[in-house]
Amino acid sequence: MKETPMEMKIRSKMLPGNLTRDGFLGDDTRELNEIIADDERLLTKIGITADEIADRLEYFYDEAYNSFEEEIIIDKTYKIKLLSVRGKILCPFSHPAGFPKGMITFTNLKYNEVLEWTPLNIHMIRDHHFFEGRNSTHRLDPEICKKLLF
Ligand SMILES: [Zn+2]
């Protein structure tokens, strides 16, 4: 599928140094609609929805937020801590909405594996089914999310 002018505009906002230092695409050379379609296929294959992942990311984010930046452990398994950063970031999909820049660091103690995300990630997964490109610093691979968040 050829990229539309709108998709090209979105893609350019996702490059490093535009909205964020590292950008959203990593070393991914696929077109945006392909990245999203591939992850949607993966979601179907592993039997989980973008909403279910977004709900879980949001739950942990809210818990971390409400703990006033103290590190907390939930269900003896999930260690979370929020790093607040002032300011807002815009959605690269050209929504007129700003998202807080705070980032949560999440460790699944059973696997000793770490994930990090921001409110923008939650929004992009829920509303755009966008988990970021291959090898992007903050890609939240659906399969890894399924393993670590539930
Ligand atoms: Zn958006």
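Residues numbered from 1 in each chain as written. Predicted model: local features only at pLDDT ≥ 70, side-chain atom pairs only at ≥ 80, totals over all residues. Heavy atoms only, no water.

**Section: the pattern of salt bridges**
- Following the criterion strictly, the structure yields 11 salt bridges and no others.
- Among the ionic pairs, Arg-139 bridges to Asp-39, the shortest N-O distance being 2.9 Å. One end of the pair, Arg-139, is in the loop between α4 (119–128) and α5 (142–149); the other, Asp-39, is in helix α2 (residues 32–46), with 100 residues separating them in the sequence. For the residue pair Arg-139 and Asp-39, the accessibility class agrees, reading buried in each case. (Salt bridge = Lys/Arg side-chain N within 4 Å of Asp/Glu carboxyl O. Helix = DSSP H or I, 4+ residues; strand = E, 2+ residues; numbered from the N terminus. Buried < 20%, exposed > 50% of the residue type's maximum accessible area, 1.4 Å probe, protein only.)

**What about the coordination of the zinc ion?**
- The protein atoms that coordinate the zinc ion are Cys-91 (SG), His-95 (ND1), His-123 (NE2) and His-128 (NE2), at distances spanning 2.0 to 2.3 Å.
- In this structure, the zinc ion is surrounded by four donor atoms whose angles at the metal cover 99 to 133°, and the resulting shape is tetrahedral. (Donors = N, O, S within 2.8 Å, 3.2 Å for Na, K, Ca; no water. Tetrahedral: all angles 85-135°; square planar, octahedral: opposite > 155°, others 65-115°.)

**Considering unusual backbone geometry**
- For Asp-75, which is not glycine, the phi torsion reads 50° and is therefore positive.
- With respect to the element layout, Asp-75 can be found in the loop between β1 (72–74) and β2 (78–83).
- Residue Asp-75 is classed as exposed on the basis of its relative accessible area of 56%.

**Describing the packing of helix α3 (residues 50–66) against α4**
- Following both chains from N to C, one finds α3 and α4 inclined at 160°, their axes separated by 8 Å at the closest point. Considered as vectors, α3 and α4 are oriented roughly antiparallel to each other. Classified by chirality, the crossing of α4 by α3 is left-handed. Here Ala-50, Asp-51, Ala-54, Asp-55, Leu-57, Glu-58 and Tyr-61 of α3 lie close against α4, whose contacting residues are Pro-119, Ile-122, Ile-125 and Arg-126.
- Tallied by class, the residues present in the contact of α3 with α4 amount to seven nonpolar, no polar and four charged. (Axes fitted to C-alpha atoms, helices over the stretch in contact; angles between N-to-C directions. Parallel < 35°, antiparallel > 145°, perpendicular 65-115°, else oblique. Left-handed = near helix turned anticlockwise from the far one by under 90°. Contact = heavy atoms within 4.5 Å. Nonpolar A, V, L, I, M, F, W, Y, C, P; charged D, E, K, R; others polar.)

**Description of the environment of Arg-86**
- One can find Arg-86 in the loop between β2 and β3 (88–90).
- Classification of Arg-86 as exposed rests on a relative accessible area of 82%.
- For the pair formed by Arg-86 and Lys-101, sequence separation is 15 residues and the distance between their alpha carbons is 6.5 Å.

Function cannot be read off these values alone, since they describe shape.
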